Structure formats: structure tokens, C-alpha cells
Amino acid sequence: MIFELYRFKACVIILMFLTGICALHAQTDSKKDSVRTNEGSNRNVLLNAATKNAPRVVNVGLPTSTTDILENGLPVVYLFFPQNSNRNWRSSVSLSSTGLLNLAESGIMSEHFGYSVDSYTKLGGDKSTFDGNFSTSHFGWIFGDISATGPLGKGFYYTAGVYVNLDPESYDLKFSNYSDNTQIYRAGITKRFAGGRGSVSLLYKYAKSTILLNSAVFQYEEGGSVKEYNGFRIGRDSYLPVDDEFRMLDVYSGKYYTLHLGNVNDMKSVTHNLDLLADYDLGNDWKLHFAGRLYSSKMRRNLVSMNSIFSVTEADGFHYSDGTSYSGNVQNAFFELANRTPVKAAMSRLELFHNLGAHQMRLGLLEYLYDEGEFSLNRSYFYQEVAPNPHKLYNASTDEYGIYSYNNGLPMESGHENKTTLFATDEWNVNKWLDLSYTASLRYHSIGGHYSTEARTNGFNVAGKKLTSFNNSWVSPGASVQALLHITHYFGLNLSAIYNQKEGSLADYSSSVKPSLDKKSNNRYVTAGIVFNHRLMDISSSFSLLKSSNYREVVNLENPSNLSEMSSAPVNYDIKTTGWTTDVVLHPFRGFNFHALLTLQSPQYDNFSLNVFNKDWNFTGKTVRSISKTLIELDPSYTTNNGKFRFWASARYFGKQYANYTNVLFFKGWWETFGGVNYKVNRHASLSVNVTNPLNQRGAKGVMGGASLITDPTPYYGKLIASSAYIRPFTVEATLSLHF
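What you see is a predicted model, and the numbers here were worked out from it, not measured in a lab. (Residues numbered from 1 in each chain as written. Predicted model: local features only at pLDDT ≥ 70, side-chain atom pairs only at ≥ 80, totals over all residues. Heavy atoms only, no water.)

Caption draft 1: How the structure looks around the overall build of the protein chain. Helix and strand content of the protein chain: 4 helices and 39 strands. The C-alpha radius of gyration computed for the protein chain amounts to 26 Å, which stays within 12% of the reference 27 Å derived for 740 residues, consistent with globular compactness. Principal-axis analysis of the C-alpha atoms places the extent of the protein chain at approximately 85 × 60 × 50 Å. By residue count, 54% of the 740 residues in the protein chain fall in the buried class. By sequence separation, contacts in the protein chain at least 24 residues apart represent 70% of the contacts at least 6 residues apart. A total accessible area of about 30400 Å² is found for the protein chain, and carbon and sulfur atoms account for 55% of it. (Helix = DSSP H or I, 4+ residues; strand = E, 2+ residues; numbered from the N terminus. Rg over C-alpha atoms; globule rule 2.2 N^0.38 Å. Buried < 20%, exposed > 50% of the residue type's maximum accessible area, 1.4 Å probe, protein only. Contact = heavy atoms within 4.5 Å. Areas by Shrake-Rupley, 256 points an atom, 1.4 Å probe, with all protein chains shown as cover.)

Next comes the structure, spelled out in C-alpha cells:
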């Protein structure tokens, strides 16, 4: 395991923890220019139309479905697969700040190319404070989030927090009261040194979370629109089987077991998190910052995935569990579950800051150690009726539990990873006309573990079988540069370039096919634009070019000639995206603010070909799935002169999205809308009412299950499709906020 294989590096981590006790975080003030860039600062990632338990993805032209999240300068989870950050991180009053990390900084903290959420735990201060949010919705949401901080005496301070989210979402699960049952508990202590020289904090976080993701069925129409089918309300009705018992086959032991979706103990993930933060001022403008984390989790990742829908008659032999015959539409689906995968990680970040003349310099070292136990997503395939709160269906191919196949195509692997990154940054005020900022990094990354090369067919397990070992290592450079040229007091030119590399990971070995990891993924990103800052408005407009070579993912494909035949394999391809983005913030009079953003982009596959189901496929030149070419954001707000009321609204437009690799199926563009009003009762209390989807639109997005490779869209017009990606229905939420 990792702490045996990397005992020396674990000792280094411990030494860095001890060293960090005498470290101090840089508290330098950022220079305020009349012309400035605000990359991503206007993007509210916590406003998500798909779910309120995770930040939305800020699109950069790559097919990602997740957003990296950092807390106290370190990733909340090391890998999104099999982990998921919303199991142990939520936006909370226990956080002192939550913002967006720019592309260059995100590329240092992780090799992923994209924006990251950057958050920090609220630490104790000289005054005792209490903050709380208490919310509900007309669907029965119960939410409480409280934080308390204060002094203990003799330079010691405390922080504590409790987060409880009991959310039925917008649909009625017949087997469970809540779709999201998440609880997070925090406690910490801070020691501040005399004379303001620094501090050290020890923070503990415990999280337990059970999340059940719903799907919806709809009728797909020509032109990319969808309509509700036979009274099934998208986002209002549950499409999870009401008879929630599932029989599973453990791929490692070869033993069968049963569980229930509605049993919290069967579905919950548990995480323990211990952070050490240390700050110290070395004098003469030299400052140190250290953050370290020990992390342990037992992850229960679960998902009911919907494949194709087909029609049957009584002659086809489908029936309910009581033997009653069935005719009508049948949903082919599978349930997958991570069998409490043990995950451990040790992470640290050590930084040295120094101001020298017009330079603000930083030298840093990251060390990430990660160990993943026997991970698998055990799969059970079943049929269910197409209806709200559907029942399972049985036929001659299913067993007494309603399962017709076990572990077909399941992902599995086990192993460890290590990343060591040395980085340097500098912000240089060259003169009154020019500001430069640049970064450089060098990362060593190694992975090792075991996987199975055996085909994942019905009944697949590795009990008593020898697994294949693997080991890989890479050294990857990264760099960025940004230049801001001040043409006038209000107007400037902004130029930037970013280069980073992404290596392989344990997830690349999750299928039976050995991945091709000889070539790393390379991201090259350049932008050029203008910046205009005035007391009445801020405008930035830029052209961008992104080229990602050797992009890797494990794809699940269905045979278009036989949708029950599936294949899972790693693929490599390139992506190129050209784009133009204009971001405007208007504040023409007191209290009023209006933000608008327009992005036009063209993300395309390049060098993307594969052979599957005895056929060659080539998607070069096709538009990347699930990415819109046109993005619009409109965010007006108004605060009354007395500060009592704040009215706000937000509207986002997503252009047409292709739903399969061949680009013959797509979802037409849609709007996501929000609005609300905040009322400040007094300096201790405020009330707010927020509305999601006030226009009560219905719509689906993402990819289309069972249709990855189809070339003729005609049979899909009027066809029933199931998807877990849809817009939340009209929802009214009320919140009481307290501050003392």
C-alpha cells in the first residue's frame, strides 16, 4: 500500500508538517490598477440549475463534467473517480471565502485544465461570532448550516461548524425521504504567535453523505426538442425503481450480496479530514505558508444508468414480480455501486513568498500521496417499466432478483499515485505601462497498481485470479505568462498563454484494455484581448485558441445494431477550440449592477478514430459532445439606498449541444433562470426568497444513452429517451440568515 511503498516520502510529509508550524501565509495586498483583469471573478459557479449540492462547470471547451474544488489550498478529493467532492464539501458559512481560481493557478494545483473553486475554512478571531443559515423549499427541503468562532485565551482560538442537508429534491422517492442526506461536522483550534508573527491551525472535518441521482424519461423530437411522455413530469417524478432491492456480485470476492437504495447505511460515504495550516513571517518581506492534509474515506459511489427503451407485448414474456404479465415500453438499465472503496491521501503545500522591488515572488512545493483500495463499480443489469416510480420487470433471462447480467463492462482497479510539483510565480510591475505575471512548474507523477485484462462479461469476478500489475511515471513541465499593457488610464491590452500537461491516472486502467499512456495530454491555450475599466463599467473582450492533444477518457459505447451489446475502452484524441468571449459589468448608478457575458466557441474533435463492434469510426471534425457553441450570462441586481432590500436575477443561455459522437442527435438551446430578493431585517438577521427556473421550463441536456454511435437520427424522432441531465423544475426556497 502507499504508506509502505512510499515510507520515505511519508516521512518527508511529516517533516513538512513540522516545518509548517513555523510558516506564515503571505498577506500582501494585491496592487490595484485602474486597468485590471478579473479572470472568472464574475462567474457564480455556486448557482447550478442541475443541482444545488455541487458547483457548476465553467466551460473552457473541453468535455469535463466536474469542477476541481480546493479547501485551504489543497484539493478536496485527489481523484473524481471513484470519489466525488460533493460527498465531503459544500458551500457553507463555515468557509471564510469561496472564489474561482484562474486557469494558470488551477494548472499548478492539479494537472486538469479548467477553473477551480478555491475556498478557505473560517478561523477563530478576537471576537466571538455565530453565523447560521436555515432553509426550506416548497418540496420539503430541510437545511441547517451553522458556524461558531471565538477566542479561548492565551492566544488560542476555536472554530466549529455543523452542516445538515436533508433534501428530497423535486421528486418523491417512495423508498426514501431524501435524495441528498449529507452531514458535515467541523472543529478546529488556532494558535496565534505574539507580535503578529504567525499562526498554526489544526482542523478536523467529518462528513457522511448519501446521494441518489434521479433520471427522467422524455420523448425526443426532430429539431432537438423534448416533450413529456404520458404524464411523466421531468424533474418532478422519480424514475428510480420503487422496488429498491438490488442483488450485486462483488468482483473481488465472487460473492453475491443484496442492498437497498433507500437504506442510508447501504449507500453512505464517510470521510475523515485533518488539516494543518501554519503561517510565519520571517521578516524582511520573507513569508512562509504551509498546508497539510491527511484524508481517509470509504466511498459509496452509486448510480442507476439508463440505456435504451424498447416496446414489448405479452408474447415477449415480460412480467412483474407477482407474475402479472406486462406489455408496453421497457427501460433497459443497470445499477452500479462502489463497494465502500477505502481511499487514503496525504497532501501538503509549502510556499515561500518574497517582495523584491516591483516583484511579488513565490516558490512552492506540492506533495500528493494517494492510495486507492480495491475499487470497482459492481454492476447489475435489469429491466423496469417506463412510468413514474417504476417497478422492475422479469422475463426468462432474469433471475429471481430481476437481474439479467452481473458486472458486464464494469470498471475496476486498485493502486497508488504520487505527485511532486515544484513551482514558481512572479507578479512584476515593470513600469506604469506594463504588468507581467508568469508561472513555471515541474511535476513528477507516478502510478502503480493492479487491474484485470479479462473481458468483463456476465458473472465476471477475479476471486482467486492473478491480476496484472502496472507502473508508470512521468515528468511534466508547465508554464504561463500574462501581460497587461496600459494604453490609457482606463484602457489596456491583455495577452496570455498557458501550457500544461496531463498524465495518466489509475482510472485509465479501469477497463480490461491496457491504456496507451506513452504520450501525455498537452494543453496549449492563448488569449488576446482588450480591457476597459471605468467607474461606470468594466469590459473585457478576448479571442482564445485552445489545443488539447492526446486527450484521454474511458468511453462506454453501445452497438447501434444491438443496443444490448456494450463496450468499454480507453480512447485518445485531440480537441481544438477557438473562441471569443466578452464580459461586461455595468454599474451606472448607485445600487444597480448588471453583468453580461457572451462566449462564441467551436470545440471540435481531431484525430479521433477507433475500431469497435467490427467497424471503423472516425469523428474528426465533429463537434465535442455536450458543449454549447454559444453561451450567454445575464445577471442584473439592485440594492436599495437604505441597504434593506436586494433584488437579483440570473439568466444563462446554452446553445445547441450534440448528444452523441456522430453529431446526428442534439438538444436545442435552452435558458436557465434564477431570481430572488434579500431583506435585511437588522444587523443580525436577514431573509431571502430565491426561485430556480421561474419560467418552469422543461429540458434535457448532456449525452443520450444508447445512442453514442447511431448514424441515422430518423428512428429517434418520437423515440423515448432517458437521461439524468435535465433542468431542475420551478422551485421556491426561503432562507433565514443569522449573524452575531
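Continuing now.
Caption draft 2: Inspection of empty space enclosed by the protein at higher detail. Following the criterion strictly, the structure yields 8 cavities of 30 Å³ or more and no others. The calculated volume of the second largest cavity comes to roughly 140 Å³. If you trace the second largest cavity, you find 16 residues lining it, with D68, P75, V77, Y78 and S110 closest to the centre. Among the elements that take part in the lining of the second largest cavity, strand β1 (residues 68-71) stands out by supplying 3 residues, more than any other. (1 Å grid on protein atoms, 1.4 Å probe; cavity = no way out; pocket = protein on both sides within 12 Å on 5 of 7 lines; lining within 4 Å. Points joined across faces, edges and corners; volume = space filled by probe spheres on them.)

Caption draft 3: The arrangement of the pattern of salt bridges in detail. Within this structure, the stated rule accounts for 19 salt bridges. Across the salt bridge formed by D237 and R233, the nearest N and O atoms sit 2.9 Å from each other. Among the charged side chains, a network of salt bridges with common partners joins E105, R349, E351 and R362. (Salt bridge = Lys/Arg side-chain N within 4 Å of Asp/Glu carboxyl O.)

Caption draft 4: How the structure looks around the sheet that holds strand β38 (residues 720-723). The sheet built from 3 strands is open, its strands ordered β11-β10-β38 with antiparallel pairing. Both outer strands of the open sheet, β11 (226-228) and β38, are each paired with one neighbouring strand and no more. With direction set aside, neighbouring strand axes in the sheet form an average angle of 50°. (Pairing = 2+ DSSP bridges. Axes fitted to C-alpha atoms, helices over the stretch in contact; angles between N-to-C directions.)

Caption draft 5: Fine view of the sheet that holds strand β3 (residues 95-101). Across the sheet, 4 strands lie side by side as β2-β1-β4-β3; this open sheet has mixed pairing. With partners counted over all chains shown, the strands left at the sheet margins are β2 (74-75) and β3, one partner each. Where β1 and β2 come together, 2 bridges link them in antiparallel fashion. Paired with L70 across the two strands is P75, which belongs to β2.

Caption draft 6: How the structure looks around the nonpolar core. Ranked by size, the top nonpolar core spans 45 residues in total, and within it Y220, F335 and M704 carry the most contacts. With 4 residues, the top contributor of residues to this core is strand β10 (residues 216-220). Excluding its chain neighbours within four sequence positions, the residues that come into contact with F335 are F246, M248, L259, L261, M267, N302, L303, V304, N378, R379, S380 and F382. Counting residues in each nonpolar core, the second largest holds 32 residues, with L277, Y370, Y451 and Y509 among its members. (Core = buried A, V, L, I, M, F, W, Y, C linked by side-chain atoms within 4.5 Å.)

Caption draft 7: Region of interest: the packing of aromatic side chains. Within the structure shown, the criterion is met by 41 aromatic pairs. Aromatic side chains F619 and Y661 sit 5.4 Å apart centroid to centroid with 25° between the ring planes, which places their arrangement in the stacked category. Highlighted residues: F619 in the loop between β31 (615-618) and β32 (630-639) and Y661 in the loop between β34 (657-658) and β35 (666-667), separated in sequence by 42 residues. Judged by its relative accessible area of 2%, F619 is buried. A relative accessible area of 2% means that Y661 is categorised as buried. Through successive ring pairs, a cluster of aromatic residues spans Y551, Y573, Y605, F608, W617, F619 and Y661. Across the ring face of F666, the terminal group of K656 is positioned such that the distance to the ring centre comes to 4.6 Å. Over the ring of Y716 we find K719; its NZ or CZ atom is 5.4 Å from the centre of that ring. (Phe/Tyr/Trp six-rings, centres within 6.5 Å; stacked < 30°, edge-to-face > 60°. Lys NZ or Arg CZ within 6 Å of the ring centre and 35° of its normal.)

Caption draft 8: Structural detail: the pairing of β32. Of the pairings in the sheet, the one linking strand β29 (residues 592-606) to β32 comprises 9 bridges and is antiparallel in character. Across the sheet, N593 pairs through a bridge with S637, a residue of β32. Note that β32 and strand β33 (residues 645-654) share 7 bridges and pair antiparallel. Bridging across to β33, L634 finds its partner in A651.

Caption draft 9: Geometry of the environment of H272. Tracing the backbone shows H272 in strand β14 (residues 269-283). Exposure remark for H272: the relative accessible area of 35% places this residue in the partly exposed category. A sequence separation of 444 residues divides H272 from Y716, and the C-alpha atoms of the two residues are 47 Å apart. Setting aside its immediate chain neighbours within four residues, H272 contacts Y204, K205, Y206, L294, Y295 and S296. A polar side-chain atom of H272 sits 2.7 Å from a polar atom in the side chain of Y204. (Polar contact = N/O pair within 3.5 Å; in protein donor to acceptor, adjacent residues only side chain to side chain.)

Caption draft 10: Representation of the side chain of D145 in the model. With respect to the helices, strands and loops of the structure, D145 is situated in strand β6 (residues 142-153). One buried charged residue, D145, remains without a salt bridge, the closest side chain of opposite sign being R186 at 6.9 Å. Among the polar contacts made by the side chain of D145, one reaches the side chain of S92 at a distance of 2.9 Å. Leave out the neighbours within four places in its chain, and D145 touches S91, S92, V93, D131, G132, N133, V162 and Y163. (Lys, Arg positive; Asp, Glu negative; His and termini not counted.)

Caption draft 11: A look at the confidence of the model for the protein chain. Across the protein chain, the average pLDDT comes to 89, with 91% of residues at or above 70. In the model, residues 1-33 has pLDDT below 50 throughout and makes 73 contacts with residues more than four positions away in sequence or in other chains. (pLDDT = per-residue confidence, 0-100.)

Caption draft 12: Representation of unusual backbone geometry within the structure. The backbone of R340 shows a phi angle near 50°, a positive value even though the residue is not glycine. Among the secondary structure elements, R340 is positioned in the loop between β17 (328-338) and β18 (341-356). Located in the positive-phi region is N663, a residue other than glycine, with phi close to 65°. With respect to the element layout, N663 can be found in the loop between β34 and β35. The class of N663 is buried, set by a relative accessible area of 15%.

Caption draft 13: The arrangement of the side chain of N660 in detail. As for its position among the elements, N660 is in the loop between β34 and β35. A polar contact of 3.1 Å, which involves the side chain of N660, links it to the backbone oxygen of A707. Setting aside anything within four residues of it in sequence, one finds N660 in contact with R625, L665, A707, S708 and I710.

Caption draft 14: Looking closely at the layout of surface pockets. In this model, the second largest pocket occupies a volume close to 270 Å³. In terms of lining residues, the second largest pocket is bounded by 17 residues, among which G409, R456, M566, S567 and S568 are the most central. Residue assignment for the lining of the second largest pocket shows that the elements contributing at least two residues are β27 (537-559) and β28 (562-586). Of all the elements, β28 adds the most residues to the lining of the second largest pocket, at 4 residues. Here the residues of the lining of the second largest pocket are counted per class, giving 6 nonpolar, 9 polar and 2 charged. (Nonpolar A, V, L, I, M, F, W, Y, C, P; charged D, E, K, R; others polar.)

Caption draft 15: Seen up close, the pairing of strand β9 (residues 198-211). When you tally the buried positions in β9, you get 10 out of 14 residues, the bulk of the element. Pairing of strand β8 (residues 180-192) with β9, which is carried by 13 bridges, proceeds in the antiparallel orientation. If you follow T190 over to β9, its bridge partner there is S201. Connecting the antiparallel pair β8 and β9 is a turn made up of 5 residues, with G195 showing a positive phi of about 75°. Pairing analysis gives 12 bridges linking β9 to β14, with the strands arranged antiparallel. Bridging from a neighbouring strand, Y206 pairs with H272 of β14.

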